[in-house]
Amino acid sequence: MFKKSFFHSISAGLISSIACYLYVSILRDEFMYDFSEVLSISNVVGACFFSCILASIFHTLANHFLPKMGDILFHVFFAVIVFASLLGPMLFKLPLDFDKDLTLIFPTYAMVLHFFPALIWLTLKPIFNK
Amino acid sequence: MKKVIYPALAVVLMLTSAFMSVTNQEWKIKDDYSIKFTSKDLSGIFKEFSGEILFNEKDLASSKFDLEVKVSSISTGNGMMNKKALSKEWFDAAQFSAIKFISSKIEKSDKGYAIIGDLTIKGTKKYTKIPTVYKQNGSEASFTGVFYVKRSVFNLGSASDAVPDVLKVEFSVPVSK
């Protein structure tokens, strides 16, 4: 159970990191949305792994302590946390001399990134939790 | 003839001396200025600033500051807050595009100078004293200082505990001849 959970989180972390990297690179190279000054790729990769590992830990704990309702409760809790985390980019303060147009785009840009680990973690869940 | 020369010379000297008053120095604002506002909650900068500075330490009476800060150049580091700052509730940038300061008097103070004049924000004019430190180095100089703005006086935003009423404004204006 723990082994499966571990590999689930690592796989989801890895795939979401790749997806985030592609998203960041395409927006930077094609649309000139360069936020590398405030959001480095190492930060993004770290956040992907961290959130996927955290999700697996909570999922395992939920199923362990509440075998019947754990999965449902976890999914509700997971959705609430993902949506609540969108406040982060909305309230984030960029450097004051940052480009004004990019400052306006930043919340939308970063909000999309917040969904990558969650979506990939959920996509891989049936594979690791048969 | 000699009798006429000296009185004539005196008259000429007197007339020319009338035009020899201390000429006031006009300073050009350099690009690396900074206009920053801070409070417990809110902080930011204004990126666009312009104006006319006539300043001579020896002739404060005819020194003058006529300055303008473009409201739309506000940057708080957050896109939503920038937009809100330009809204009717705050600076109402559509109607009042600039913050203006026109000096009426400059006084020498302990630490430098006090530039006194009318500060106009969102159409409200207020007699304001701005303490300034002036440093000159050859053909370059700088004006730096700190003053406080009570936002309720200028009808900026609504009364709330989230944003303090008093904002600290720090400025640094390098100039050159």
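These lines cover the structure that appears in this document, whether it is placed above or below.

Calculation rules
Per-chain numbering applies: the sequence of each chain, read as written, is numbered from 1 onward. Each chain is given a letter, starting from A, and each ligand a number, starting from 1, according to the order in which they appear as written. Reporting in this predicted model follows two pLDDT cut-offs: at least 70 for local features of residues, and 80 or more for side-chain atom pairs to be given and counted; totals over whole chains, interfaces and linings ignore these cut-offs and use all residues. A helix here means a DSSP run of H or I that spans at least four residues, while a strand means a run of E at least two residues long, and both kinds are numbered starting from the N terminus. Exposure classes come from backbone-placed C-beta atoms, where a residue is buried if 20 or more other C-beta atoms lie within 10 Å of its own, exposed if 12 or fewer do, and partly exposed in between. Contacts are defined on C-beta atoms placed from the backbone: any two residues whose C-beta positions lie within 7 Å are in contact. By the convention adopted, Pro, Cys, Tyr, Trp, Phe, Met, Ile, Leu, Val and Ala count as nonpolar, Lys, Arg, Asp and Glu as charged, and the other residues, Gly among them, as polar. Working rule for helices: expected span equals 1.5 Å times residues minus one.

### Remarks on the overall build of chain B
Phase 1: In terms of helices and strands, chain B carries two helices and 11 strands.
Phase 2: The order of helices and strands in chain B, counted from the N terminus, is α-β-β-β-β-β-β-α-β-β-β-β-β.
Phase 3: Buried residues in chain B amount to 22% of all 177 residues.
Phase 4: Across chain B, every contact between residues at least 6 apart in sequence was considered, and the portion connecting residues at least 24 apart equals 52%.

### Considering the overall build of chain A
Phase 1: If you tally the helices and strands in chain A, you get five helices and zero strands.
Phase 2: When its helices and strands are written in sequence order, chain A yields α-α-α-α-α.
Phase 3: Relative to its 130 residues, chain A shows a buried fraction of 21%.

### Let's talk about the interface of chain B and chain A
Phase 1: Taken together, the contact pairs eight residues of chain B with 13 residues of chain A.
Phase 2: Elements with a contribution of two residues or more to the side of chain B that touches chain A: strand 3 (43-46) and helix 2 (79-86) of chain B.
Phase 3: With three residues, helix 2 of chain B is the largest single contributor of residues to the side of chain B that touches chain A.
Phase 4: Looking at the side of chain B that touches chain A residue by residue, the class counts come to two nonpolar, six polar and no charged.

### Remarks on helix 1 (residues 2-31) of chain A
Phase 1: End to end, helix 1 of chain A covers 42 Å across 30 residues, agreeing with the expected 44 Å (1.5 Å per residue, within 8%).
Phase 2: Two residues or fewer past helix 1 of chain A, Met32(A) is found with a positive phi of approximately 60 degrees.

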